[in-house]
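What follows is the residue order along each chain.
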Amino acid sequence: MREYKLVYLNKGFSASREKDIQKAEDKINEMSDEGWILQQVVTPDDGVGAMVGVFYKERKL
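Quick caveat: nothing in here was measured; it's all calculated off a predicted structure. (Residues numbered from 1 in each chain as written. Predicted model: local features only at pLDDT ≥ 70, side-chain atom pairs only at ≥ 80, totals over all residues. Heavy atoms only, no water.)

Things to note about the packing of aromatic side chains
What the rule picks out here adds up to 1 aromatic pair. Between Y4 and Y56, the aromatic rings sit 6.1 Å apart at their centres with planes inclined by 45°, giving tilted as the arrangement. Note that Y4 is positioned in strand 1 (residues 2-8) and Y56 in strand 3 (residues 52-58), a separation of 52 residues in sequence. (Phe/Tyr/Trp six-rings, centres within 6.5 Å; stacked < 30°, edge-to-face > 60°. Helix = DSSP H or I, 4+ residues; strand = E, 2+ residues; numbered from the N terminus.)

Let's talk about the side chain of D20
Take D20: it is sitting in helix 1 (residues 17-33). Here D20 falls in the buried class, since its relative accessible area comes to 7%. Look past the residues within four positions of D20 in its chain and what remains in contact with it is N10, S14 and M51. (Buried < 20%, exposed > 50% of the residue type's maximum accessible area, 1.4 Å probe, protein only. Contact = heavy atoms within 4.5 Å.)

Structural notes on the pattern of salt bridges
Here the structure, examined in full by the defined rule, presents 4 salt bridges. Linking D20 and R17 is a salt bridge whose minimum nitrogen-to-oxygen distance equals 3.6 Å. Highlighted residues: D20 and R17, both in helix 1, separated by 3 residues, approximately one helical turn. (Salt bridge = Lys/Arg side-chain N within 4 Å of Asp/Glu carboxyl O.)

Re the environment of Y56
Classification of Y56 as buried rests on a relative accessible area of 13%. Sequence spacing of Y56 and E25 is 31 residues, and the spatial spacing of their C-alpha atoms is 17 Å. Ignoring any residue separated from it by four or fewer positions in sequence, one finds Y56 in contact with R2, E3, Y4, G35, W36, I37 and Q39.

With respect to the environment of Y4
Taking relative accessible area as the criterion, Y4 reaches 46% and is therefore assigned partly exposed. Note: C-alpha distance between Y4 and Y56 (52 residues apart in sequence) is 4.3 Å. When near neighbours in sequence (up to four residues on either side) are disregarded, Y4 contacts W36, Q39, V54, F55 and Y56.

Considerations on the environment of A50
As for its position among the elements, A50 is in the loop between strand 2 (37-42) and strand 3. A relative accessible area of 23% places A50 in the partly exposed class. C-alpha of A50 to C-alpha of K27: the two residues are 23 residues apart in sequence and 13 Å apart in space.

Encoded structure:
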């Protein structure tokens, strides 16, 4: 069974796209260190630029 978690990858406002990407990379690496596996990155069409990561872990029954 899989456990899923949705996480904002670049919380807060940054004037630089490079900083947004760096925040996202840092958060992905942090979640990976905790045993989560990245399944997908979702970017909204609203122009705000917030990225959401879909992570999962395998759970034993």
